[in-house]
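Each chain, written out:
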Amino acid sequence: MSKSLGLLFAVVSMLLLLGTAISIDYNGWLASGLAVLSFAVIGWGFSLKARIAKKGPIQQR
């Protein structure tokens, strides 16, 4: 996985987890929805990384 794609997944995951933490105080349904969405994004990132690694070696500079 390229560095920029990894950074994108990290930033999006952190923002979703931050939104989950903030929304716990306001609305439980929103917090649970954001938690599920954040786990889905994290899982998608791991599966994408595995698929890219399976295709071939990553060319790094």
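Right above here is the structure, for reference.
All of the points below concern the structure found in this document.

Rules and cut-offs
Residues numbered from 1 in each chain as written. Predicted model: local features only at pLDDT ≥ 70, side-chain atom pairs only at ≥ 80, totals over all residues. Heavy atoms only, no water. Helix = DSSP H or I, 4+ residues; strand = E, 2+ residues; numbered from the N terminus. Polar contact = N/O pair within 3.5 Å; in protein donor to acceptor, adjacent residues only side chain to side chain. Contact = heavy atoms within 4.5 Å. Expected span 1.5 Å × (residues − 1). Buried < 20%, exposed > 50% of the residue type's maximum accessible area, 1.4 Å probe, protein only.

Summarising the element assignment, Thr-20 is placed in helix H1 (residues 3–23). Within the structure, Thr-20 has its side chain in polar contact with the backbone oxygen of Leu-16 (distance 2.8 Å). Ignoring any residue separated from it by four or fewer positions in sequence, one finds Thr-20 in contact with Ala-31, Leu-34 and Ala-35.

For the rest of this paragraph, the subject is helix H2 (residues 28–55). The terminal C-alpha atoms of H2, which comprises 28 residues, lie 41 Å apart, in line with the 40 Å expected from a rise of 1.5 Å per residue. Within H2, the full set of buried residues consists of Ala-31, Leu-34, Ser-38, Val-41, Gly-45 and Leu-48. Where H2 is buried, its residues contact H1. The N-capping residue of H2, defined by a side-chain oxygen 3.2 Å from the backbone nitrogen of Trp-29, is Asn-27.

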